[in-house]
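Fold and contact review
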Amino acid sequence: MTYKGFATTAIHVGQEPDPVTGAVTVPLYQTSTYAQEEIGVHKGYEYARTHNLTRAKWEQNLAALEKGTHAFAFGSGLAAIDTVMKLLSAGDHVIAAEDMYGGTFRLFDKILRRFGMEFTYVDMTNPDNVKQAIKPNTKMIYTESPTNPMMMLTDLAAVAAHKGSALMVVDNTFMSPYFQQPLTLGADIVIHSATKYLGGHSDLVHGIVATNHAAVAEQLTFLQNAAGAIPGPFDCWLCLRSIKTLAVRMKQHEANALEIAKFCAAHPKIQKVYYPGLETHPQYELAKRQMRGFGAMISLELGSKAAAVAFSRAIKVFTLAESLGGVESLVCYPVGMTHGSVPPETRAKLGITEGLIRLSVGIEDVEDLLADVEQALASI
Ligand SMILES: *Cc1c(COP(=O)(O)O)cnc(C)c1O
């Protein structure tokens, strides 16, 4: 069954009552193998790396939310990305965004390059850069929008127009399908670190890939089993539970973030606020056009390392930690935490300075968050 609304889809697709008992939540199939009636005669389930019904229900749910035909779950966001990259072979060329999650850059640069894959990093804010970087062996265009931590956008439809026969992959972690559905804008593959908004409660590490491309789905079915980076069934079950509240969580995340971004933009101790929901963001018009909301990730330029350190020490409701997308607000210091593996010259070019801090705005009461940010700024 398909539904028009996002929340209805999240709550019901793949989440039908169990036909055996009527249980309203999907059962947790915590098993590694399945009994066979006789050799070669079974119910379609042989071994749990290949088939697990809890996982399959979660994959069906997420595919519907991303407007894809198929989805595949993995043990982490990076396991999802690594498996997608196994669609390619030695000698293939990838055009990737220069402003990406540090762990993705590390996977490409330190591991996949050793296997003979070629990468060109471009500024994806200008789709012409992608067009110019295309080579006869270009097989993939890989981007994140908005990027981490500088909140720059890729015009996904414009890049898709240049992709030719290459696959276009979008890491949609920061927006979740509630705010952005890249497959509807011309992407072939969407990736999430479900550790973040999809899981939403900072209690699991998980990744997911969605596609609407039949040949890609067939290859990913093979790779998920053959390379084996699958998640455990309990994490899939937790995702099925979390996804039911994604719509209400994202609305509250965004409402809180918008208030905090506006407060910060007017504060004399903050030199710059990076948030696509502010009219001063250079791509505000694009953000309004391609996203249904602006998300809840905000980066702040405090001007110096001393200011960033003082802020992170003084802030109380926000917890100093890596990661994002949970119900609780977090603060992170990209240079010393998430982006340590990005070369210093790249960081300098992108604006990832020693004075930059990144907020993941949670869904606490916004009055408490604003008071916390205000008192922390007073200490710097
Ligand atoms: C966290 C993150 C990843 C990596 O996901 P893990 O679940 O930590 O492996 C990839 N992309 C983005 C944008 C992320 O924030």
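Relevant structure appears above.
This report concerns the structure included in the present document. Since the structure is predicted, the reported quantities are computational estimates derived from the model, not experimental observations.

Before going further, it helps to examine the overall build of the chain. Summing up its helical and strand segments, the chain has 14 helices and 12 strands in all. Against the 2.2 N^0.38 benchmark of 21 Å for 380 residues, the chain shows a C-alpha radius of gyration of 21 Å, consistent with a compact globule. Along the three orthogonal principal directions, the C-alpha set of the chain runs to about 75 × 50 × 35 Å. Burial analysis of the chain (380 residues in total) assigns 54% to the buried set.

Right, let's talk about the packing of aromatic side chains for a bit. Counted by the stated rule, this structure contains 9 aromatic pairs. Consider the rings of Phe108 and Phe119, whose centres lie 4.7 Å apart with planes at 15°: the pair is stacked. Here Phe119 lies in strand E3 (residues 118-122) and Phe108 lies in helix H4 (residues 102-111), a separation of 11 residues in the sequence. Judged by its relative accessible area of 0%, Phe108 falls in the buried class. Using a relative accessible area of 13% as the deciding quantity, one classes Phe119 as buried. With 5.2 Å between their ring centres and 85° between their planes, Phe108 and Tyr142 make a pair best called edge-to-face. Remark: Tyr142 occurs in strand E4 (residues 138-144) and Phe108 occurs in helix H4; sequence separation between them is 34 residues. Connected via pairs of aromatic rings, a cluster forms that spans Phe105, Phe108, Phe119, Tyr121 and Tyr142. The positively charged end of Lys196 is found above the aromatic ring belonging to Tyr101, 5.3 Å away from the centroid.

Right, let's get into the site of the ligand. Residues in close proximity to the ligand total 13 residues, the closest being Gly77, Asp171, Ser193, Thr195 and Lys196. Between the ligand and Gly77 there is a distance of 2.8 Å, counted from an oxygen atom to a backbone nitrogen or oxygen. At a separation of 2.7 Å, a nitrogen atom of the ligand approaches a polar side-chain atom of Asp171. Protein chains shield 92% of the accessible area of the ligand, which is 380 Å² for the free molecule.

Attention now moves to the layout of surface pockets. Its volume calculated, the largest pocket comes out at about 400 Å³. For the largest pocket, the lining is made up of 25 residues, of which Met150, Met152, Lys272, Tyr274 and Pro282 are closest to its centre. Sorting the residues of the lining of the largest pocket by element identifies helix H10 (246-265), strand E8 (272-274) and helix H13 (344-350) as the ones contributing at least two each. Looking at the lining of the largest pocket, the element that brings in the most residues is E8, giving 3 residues. Taken together, the residues that form the lining of the largest pocket break down as 14 nonpolar, 6 polar and 5 charged.

Right, let's get into the pairing of strand E6 (residues 189-193). Within E6, 5 of the 5 residues are buried, which leaves it mostly tucked inside the rest of the structure. Residues Ile189, Ile191 and Ser193 of E6 are buried on one face, and the alternating residues Val190 and His192, pointing to the opposite face, are buried as well. Bridge analysis of strand E5 (residues 167-171) against E6 gives 3 bridges, and the strand direction is parallel. Along E6, the bridge assignment pairs Val170 with Val190. As judged from the 5 bridges shared by E6 and strand E7 (residues 207-211), these two strands associate in the antiparallel manner. When the sheet's bridge partners are listed, Ile191 is paired in E7 with Val209.

The next thing to look at is the side chain of Ser76. Here Ser76 shows up in the loop between strand E1 (70-74) and helix H3 (77-85). A polar contact is formed between the side chain of Ser76 and the backbone nitrogen of Leu78, at a distance of 3.4 Å.

Before going further, it helps to spend a moment on the sheet that holds E6. Judged by pairing direction, the sheet is mixed, and its 7 strands sit side by side in the order E1-E7-E6-E5-E4-E2-E3 without closing on themselves. Strands at the two margins of the open sheet, each flanked by one partner only, are E1 and E3. Within the sheet, the average angular offset between the axes of one strand and its neighbour, ignoring direction, is 20°. When strand E2 (residues 93-97) meets E3, the two strands line up parallel, connected through 5 bridges. Its bridge partner being in E3, Val94 is matched across the sheet by Phe119.

A few words on the side chain of Thr147. Inspection of the secondary structure assignment puts Thr147 in the loop between E4 and helix H6 (156-160). A relative accessible area of 4% means that Thr147 is categorised as buried. Separated by 2.7 Å, the side chains of Thr147 and Asp99 make a polar contact. Setting aside anything within four residues of it in sequence, one finds Thr147 in contact with Asp99, Met152 and Phe174.

Reading the values: rules and limits
- Residues numbered from 1 in each chain as written.
- Predicted model: local features only at pLDDT ≥ 70, side-chain atom pairs only at ≥ 80, totals over all residues.
- Heavy atoms only, no water.
- Helix = DSSP H or I, 4+ residues; strand = E, 2+ residues; numbered from the N terminus.
- Rg over C-alpha atoms; globule rule 2.2 N^0.38 Å.
- Buried < 20%, exposed > 50% of the residue type's maximum accessible area, 1.4 Å probe, protein only.
- Phe/Tyr/Trp six-rings, centres within 6.5 Å; stacked < 30°, edge-to-face > 60°.
- Lys NZ or Arg CZ within 6 Å of the ring centre and 35° of its normal.
- Near = heavy atom within 4 Å.
- Polar contact = N/O pair within 3.5 Å; in protein donor to acceptor, adjacent residues only side chain to side chain.
- Areas by Shrake-Rupley, 256 points an atom, 1.4 Å probe, with all protein chains shown as cover.
- 1 Å grid on protein atoms, 1.4 Å probe; cavity = no way out; pocket = protein on both sides within 12 Å on 5 of 7 lines; lining within 4 Å.
- Points joined across faces, edges and corners; volume = space filled by probe spheres on them.
- Nonpolar A, V, L, I, M, F, W, Y, C, P; charged D, E, K, R; others polar.
- Pairing = 2+ DSSP bridges.
- Axes fitted to C-alpha atoms, helices over the stretch in contact; angles between N-to-C directions.
- Contact = heavy atoms within 4.5 Å.

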